[in-house]
Amino acid sequence: VTKWGKYEQALAQTPELLPELNEKLKELEQMIYCEYYCTEGLGFSYDDIDLWARLRSLTLVKGAEFGPKTRAYIDNLSEMCDVPTYDCMAM
């Protein structure tokens with residue numbers, strides 16, 4: 001299987017895996033401290049760098065359902081860091 005073939009396989013699994021992703025995003029909504037920081041008491045930290053990068057990648061997934069706090073977190077960090085999300089390219 002080629003590199004692109006692996007991407008095609010992963011994309012084909014989206015309908016099967018999307019419900020699980022959306023359930024995990026619901027769980028995450030309760031874990032994020034606020035719309036600017038994910039960890040209480042730390043302010044902006046490595047936790048945010050790690051989590052935001054992962055969430056940014058998920059903005060490429062069409063149908064990913066981010067809760068309001070998670071969506072605000074993604075958008076605020078995108079603006080603060082001047083790094084766009086992938087929403088406009090979601091597949």
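Refer to the structure printed above.
Below you will find a few notes about this structure. (Residues numbered from 1 in each chain as written. Predicted model: local features only at pLDDT ≥ 70, side-chain atom pairs only at ≥ 80, totals over all residues. Heavy atoms only, no water.)

Examining the overall build of the chain
Argument step 1. Tallying secondary structure elements over the chain gives four helices and zero strands in all.
Argument step 2. Listed by position from the N terminus, the elements making up the chain come as α-α-α-α.
Argument step 3. Overall, the C-alpha framework of the chain stretches about 45 × 25 × 20 Å when taken along its three principal axes.
Argument step 4. With 91 residues in all, the chain has 30% of them scored as buried.
Argument step 5. Sequence-distant contacts in the chain: of pairs separated by 6 or more residues, those separated by 24 or more amount to 66%.
Argument step 6. Total accessible area on the chain stands at roughly 6,400 Å², and carbon and sulfur atoms take up 58% of it.
Argument step 7. Treating the 9 positive side-chain charges of the chain as one cloud and the 16 negative ones as another, the clouds have centres 7 Å apart. (Helix = DSSP H or I, 4+ residues; strand = E, 2+ residues; numbered from the N terminus. Buried < 20%, exposed > 50% of the residue type's maximum accessible area, 1.4 Å probe, protein only. Contact = heavy atoms within 4.5 Å. Areas by Shrake-Rupley, 256 points an atom, 1.4 Å probe, with all protein chains shown as cover. Lys, Arg positive; Asp, Glu negative; His and termini not counted. Charge placed at Lys NZ, Arg CZ, Asp CG, Glu CD.)

Brief notes about the pattern of salt bridges
Argument step 1. Going through the model one piece at a time under the given rule, you end up with five salt bridges.
Argument step 2. Across the pair Asp-50 and Arg-54 runs a salt bridge, and its minimum N-O distance is 3.1 Å. Separated by four residues within a single helix, Asp-50 and Arg-54 lie in helix H3 (residues 46-58), roughly one turn from each other.
Argument step 3. Relative accessible area serves as the criterion here: at 41%, Asp-50 is assigned to the partly exposed category.
Argument step 4. Residue classification places Arg-54 among the exposed residues on the basis of a relative accessible area of 53%.
Argument step 5. Within the structure, one salt-bridge network assembled from shared partners comprises Arg-71, Asp-75 and Asp-87. (Salt bridge = Lys/Arg side-chain N within 4 Å of Asp/Glu carboxyl O.)

Observations regarding the packing of helix H2 (residues 14-31) against helix H4 (residues 68-81)
Argument step 1. Packing of H2 against H4 brings their axes to within 8 Å, and their N-to-C directions diverge by 75 degrees. Compared by their axis directions, H2 and H4 come out roughly perpendicular. Residue-level contacts link Leu-28, Glu-29 and Gln-30 of H2 to Pro-68, Lys-69 and Thr-70 of H4.
Argument step 2. Across the contact of H2 with H4, the residue classes tally to two nonpolar, two polar and two charged. (Axes fitted to C-alpha atoms, helices over the stretch in contact; angles between N-to-C directions. Parallel < 35°, antiparallel > 145°, perpendicular 65-115°, else oblique. Nonpolar A, V, L, I, M, F, W, Y, C, P; charged D, E, K, R; others polar.)

Re a nonpolar patch on the surface
Argument step 1. Together, Tyr-33, Tyr-36, Tyr-37, Phe-44, Tyr-46, Ile-49 and Met-80 line one region of the surface with nonpolar side chains, adding up to about 770 Å² of accessible area.
Argument step 2. Of note, Tyr-36 is situated in the loop between H2 and H3. (Patch = residues over 30% accessible without salt bridge, like charges linked within 9 Å, V, L, I, M, F, W, Y side chains within 5 Å.)

Quick notes on H2
Argument step 1. Look at H2: 25 Å from first C-alpha to last across 18 residues, which is about the 26 Å you get at 1.5 Å a residue.
Argument step 2. All of the buried residues along H2 are Leu-18, Leu-21, Asn-22, Leu-25, Leu-28 and Glu-29. Buried residues of H2, viewed axially, fall in a sector of 120 degrees; they line one side. Exposed residues on H2 whose side chains face more than 90 degrees from its buried face are Glu-16, Lys-26, Gln-30 and Met-31. (Expected span 1.5 Å × (residues − 1). Arc of directions from axis to C-beta.)

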